[in-house]
Amino acid sequence: MGRVPAGGERLRPFAFERDTFAFVNESHWRYVDDPTTGARVWAERPVYFALHCAGVVRAARQFLVHARFDPAAPPVDEATYLALAQAVLARNPRTTVATGPPIVIPGYASLRAFSAAHEALLKDELLRDWRSVMPRGDWRIVVPFSPASQARTAEALYREVRDGRPAIVRVFRFPVMTLNHAVLLFAAAERDGDLEFRAYDPNDAGAPITVTFDRAARTFLFPPRHYFDGGPVKVYEVYAGLLS
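Residues numbered from 1 in each chain as written. Predicted model: local features only at pLDDT ≥ 70, side-chain atom pairs only at ≥ 80, totals over all residues. Heavy atoms only, no water.

The number of helices and strands found in the protein chain is six helices and ten strands. Here the analysis covers contacts within the protein chain between residues at least 6 apart in sequence; of these, 66% occur between residues at least 24 apart. Carbon together with sulfur atoms contributes 57% to the accessible area of the protein chain, which is approximately 11,600 Å² in total. (Helix = DSSP H or I, 4+ residues; strand = E, 2+ residues; numbered from the N terminus. Contact = heavy atoms within 4.5 Å. Areas by Shrake-Rupley, 256 points an atom, 1.4 Å probe, with all protein chains shown as cover.)

This is how it looks when you write it as C-alpha cells:
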C-alpha cells in the first residue's frame, strides 16, 4: 500500500514501463569479449551522457511524486516543456510525498513517452545539474559497512519499499571500485528467506533488475550487467538523512 500524502492522495505504484526514462545513463567502461582470447575484458568507449546514474533515478522519483502526465491535453512548445521539467526537478528530491499541486505535463501519457520525445532536452538539463554527478552522501562509501549494519539497511529498505515509497540507493564496492552506481528500488518481496528488490537500473531502459539481500550471508547481491560481473555489494540509501 502506498503512503498517503498530507493532501490525502496516495502515491501511485511505480511502473517500470511508464515511470522510467526512455534513454539510459551510459557507461564509459563495459565488459566485452576479447576477439582473440575470448576472455572478458574492460573496454573504454566515448559517450555523451554518462556518470549520471544518481541524477536519473532521482529525477525518475521526482517525476513520480511531483508530476502528472495528461495525454489528452494539447502539446506545448519546447521552451514550455523545459520549464515544466525544471519545475519538477526543483521540487524536494528527498520526499515521496507531494509538496505542492502536481506539475502537469501535457501531450504525453508517461515519463517514458515524454523522455523518448524530448531526450536531448532532458539529458541537457540533467547534465547541467551538479547533483546528478555529486549527490550528497557519496562520502559514505569510505565508511566501513558491517554485515549487521547491512542487515539493518536491508530490513529498513524492505519496509519502506513495501510501504509504497521507492528508495534511491547507492550500490558499490570499496576500496576496489569495480562498481559505484545508483538504482531505484520500487518493489520488494521475501523469497526463500531472502529479500528481493525490483529495481530501476538507469543504465538499462529495457527491463527492471533484481537486487537480493542474502539474509544468511548478510550481504546484498547485485546481478551481472554489461558493466559489472555481479556479486556482493555494499548498499546505503540516498536522501535518507541530513548527511545523505
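Quick look at the confidence of the model for the protein chain now. When pLDDT drops low, the exact placement of atoms in the prediction is not to be read closely. Residues at a pLDDT of 70 or more form 82% of the protein chain, whose mean pLDDT is 87. Confidence drops under a pLDDT of 50 for residues 1-8, and excluding neighbours within four residues, the segment shows 22 contacts in the predicted structure. (pLDDT = per-residue confidence, 0-100.)

In this section: the nonpolar core. Core analysis: the largest hydrophobic core is formed by 40 residues, its most contacted members being Phe21, Phe63, Phe69, Ile105, Phe114, Leu122 and Tyr200. Elements supplying a minimum of two residues to this core: helix H2 (53-66), strand E3 (67-70), helix H3 (78-90), strand E4 (103-106), helix H4 (111-117), helix H5 (119-128), strand E5 (167-172) and strand E6 (180-191). Among the elements that take part in this core, H2 stands out by supplying nine residues, more than any other. Leave out the neighbours within four places in its chain, and Tyr200 touches Phe14, Phe16, Thr20, Phe21, Val56, Val57, Ala60, Val183, Leu184 and Phe186. Ranked by size, the runner-up nonpolar core spans 24 residues in total, among them Tyr158, Ala167, Leu185 and Phe197. (Core = buried A, V, L, I, M, F, W, Y, C linked by side-chain atoms within 4.5 Å. Buried < 20%, exposed > 50% of the residue type's maximum accessible area, 1.4 Å probe, protein only.)

Put simply, H2 and H3 touch, their axes get as near as 9 Å, and they point 100° apart. Between H2 and H3, the interaxial angle falls into the category roughly perpendicular. In this structure, H2 contributes Arg58, Ala59, Gln62 and Phe63 to the contact, and H3 contributes Ala85, Val88 and Leu89. When the residues that make up the contact of H2 with H3 are grouped by side-chain class, the tally is five nonpolar, one polar and one charged. (Axes fitted to C-alpha atoms, helices over the stretch in contact; angles between N-to-C directions. Parallel < 35°, antiparallel > 145°, perpendicular 65-115°, else oblique. Nonpolar A, V, L, I, M, F, W, Y, C, P; charged D, E, K, R; others polar.)

Note: E6 against strand E7 (residues 194-200), seven bridges, orientation antiparallel. By the bridge assignment, Ala188 is partnered in E7 with Phe197. Adjacent in sequence and paired antiparallel, E6 and E7 are bridged by two residues, among which Asp192 carries a positive phi angle near 55°. The pairing of E7 with strand E8 (residues 209-214) spans five bridges and is antiparallel. Directly across from Leu195, in E8, lies its bridge partner Phe213. (Pairing = 2+ DSSP bridges.)

When the terminal C-alpha atoms of H3 are compared, their 18 Å separation across 13 residues agrees well with the 18 Å that a helix rising 1.5 Å per residue should span. Buried residues of H3: Tyr81, Leu84, Ala85, Val88 and Leu89, and no others. Within H3, the buried residues cover an arc of 135° as seen down the axis, which keeps them to one side. Opposite the buried face of H3, by more than 90 degrees, sit the exposed residues Ala79 and Ala90. Summarising the contacts, the buried residues of H3 are in contact with H2, E3, E4, H4 and H5. (Expected span 1.5 Å × (residues − 1). Arc of directions from axis to C-beta.)

Next up on the list: helix H6 (residues 147-162). For H6, built from 16 residues, the straight-helix expectation of 22 Å at 1.5 Å per residue is met to within 8% by its first-to-last C-alpha distance of 22 Å. All buried positions along H6 are accounted for by Ser149, Gln150, Ala151, Ala154, Leu157, Tyr158, Glu160 and Val161. Buried residues belonging to H6 abut E5, E6, E7, E8, strand E9 (219-222) and strand E10 (231-237). Directly after H6, the chain includes Gly164, whose backbone phi takes a positive value near 90°.

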